[in-house]
Amino acid sequence: MDKVNILIKKEEKRQQETLMMIPSENYASKEVRNAVGSILMNKYSEGYAGKRYYQGNRIIDEIENLAIEKAKKLFKVAHVNCQSYSGSPANSAVLFALLNEGDKIMGLKLSSGGHLTHGHPNITFSGKFFKSVQFGTKDDGVIDYEVVEKLAKKEKPNLMIIGTTAYPLILDWKKLGEIADSIGAWLVADISHVSGLVLAGVYTSPVPFAHIVTTTTHKTLRGPRGAMIMVTSKGLKKDSEIASKIDRAVFPGLQGGPHNNTTAGIAQCLIEAESKEFKEYGKQIVKNAISLANELTKGGLTVVTGKTQCHLIVIDLRPLGLSGNVVAEALEVGGIVVNRNSVPNDIAPPFYPSGIRLGTPAITTRGMKEKEMKLISSWIISVINHFKDEKLPDEKNERILFMKNFRAKILKDKLLISISKEVKSLCKKFPI
Ligand code: DSN
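The protein is annotated in an unreviewed UniProt entry as Serine hydroxymethyltransferase from Candidatus Woesebacteria bacterium GW2011_GWC2_31_9. Under the heading Catalytic activity (unreviewed entry), UniProt records this for the protein: "(6R)-5,10-methylene-5,6,7,8-tetrahydrofolate + glycine + H2O = (6S)-5,6,7,8-tetrahydrofolate + L-serine".

Take a look at the structure:
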């Protein structure tokens, strides 16, 4: 076997034998993976169906139209662009289409569960080319919509781009729509994390309230790594040119040829999302997350906002004086793969945040239910308790050295070795 294939096999084994609990990850179906690995990647197709810059695109047009029609029907939107390479380029295309340089945008802070592309200051496209105002959450991690309204009325942004990567509650899209309307701003709803839950009917759809909805396609939607930009009827009413503005911002504004293999994967995941099984899947994701949050709380851990209403949980490690790095590294050795994450009003640096973020989309795809959540939470609780004295030093160089030593030490830790064996045998019962 060649080197690349050896590495792919190794990664396949890692995915089979560990619990994928990063909430933005999932296992796409074999059919989605076949589309992504297909000969469609050989074709150049700049332009849109019926208006391409290259010959030979009749079948590609059919594929792209299929993805668009499925998305329009499922999300109940007026227009869809499925060519953006991923979520950040999709959000950049929306800002590029609707705003001029120097206009003002408003979003939820990254550290409060938002996203880099929602106006994170200085270092991102959204925070550098536009004036950005951001809101956070209360100390309990909950958004105060009165604060959002006051800020919007004071700052009068041209566009509000709202969405979550680490916020466990369902957003009040109706309220956000009213706030945007009251100041004449665009409302862009980024539902990347929860679009699968929206289709399953377990998370409020922003479609009646927002002008534009963006989503990645590889999270709860369980498709290929890609994205869609959707224009709602409300968006078309605000500006009848909005659909062509979006299309032109994607191509030729920001990109060249679309990834046709990804487009086919998007069509395939939307076909899968139409099924009754997918609705059941979405419901089970949330049931599993609620069960996990309850068990973790019972075990003495602090769950941000005290609960979850979606697919993810953020554990605040500050009451234990632990760093997210310590816990995430230890859990990985135990076969439980999560990511470290900031918690509301975290004063720790983003590289060494005070929490971990975990979710249930991928383990639910494997067929796990509440019974398995109990088991998994008991492992998480014992790992955290086991390492409760491993405090990260404050000084930067000491911190680096501490983590290096900690990583070496935990490879031989008996508890982690035994949990990783149990995880492996659980994973065997629920193959991908
Ligand atoms: N990287 C994604 C996540 O993990 O939430 C957001 O882009």
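Just to check I follow, could you spell out the UniProt feature "binding site: (6S)-5,6,7,8-tetrahydrofolate" (unreviewed entry) in the protein for this structure?
With numbering matched to this structure, UniProt assigns "binding site: (6S)-5,6,7,8-tetrahydrofolate" (unreviewed entry) to Leu110, Gly114, His115 and Leu116. By relative accessible area, which is 33% here, Leu110 ends up partly exposed. Discounting chain neighbours no more than four positions away, the residues touching Leu110 are His115, Leu116 and His120. Within the secondary structure, Leu116 sits in the loop between strand 5 (104-108) and helix 5 (125-128). Residues within four places of Leu116 in sequence aside, it is in contact with Leu110, Thr124 and Ser126.

Sorry if this is basic, but what is going on with the pattern of salt bridges here?
Working definition: two side chains of opposite charge can pair if their charged atoms are close together. Under the defined criterion, the tally for this structure stands at 22 salt bridges. Linking Glu64 and Arg52 is a salt bridge whose minimum nitrogen-to-oxygen distance equals 3.0 Å. Residue Glu64 is located in helix 3 (residues 58-75), and its partner Arg52 is located in strand 3 (residues 51-52); the two are separated by 12 residues in the primary sequence. The class for Glu64 is buried, based on a relative accessible area of 2%. Here Lys283 makes a salt bridge to Glu280, at a shortest N to O gap of 3.6 Å. Here the residue Lys283 and the residue Glu280 both occupy positions in helix 12 (residues 276-298), the gap between them amounting to 3 residues, near one helical turn. Residue class for Glu280 comes out partly exposed when judged on its relative accessible area of 42%. Through salt bridges with shared partners, one network takes in Lys13, Glu17 and Lys424.

Calculation rules
Residues numbered from 1 in each chain as written. Predicted model: local features only at pLDDT ≥ 70, side-chain atom pairs only at ≥ 80, totals over all residues. Heavy atoms only, no water. UniProt positions renumbered as here; feature names shortened; annotations may be inferred. Buried < 20%, exposed > 50% of the residue type's maximum accessible area, 1.4 Å probe, protein only. Contact = heavy atoms within 4.5 Å. Helix = DSSP H or I, 4+ residues; strand = E, 2+ residues; numbered from the N terminus. Salt bridge = Lys/Arg side-chain N within 4 Å of Asp/Glu carboxyl O.

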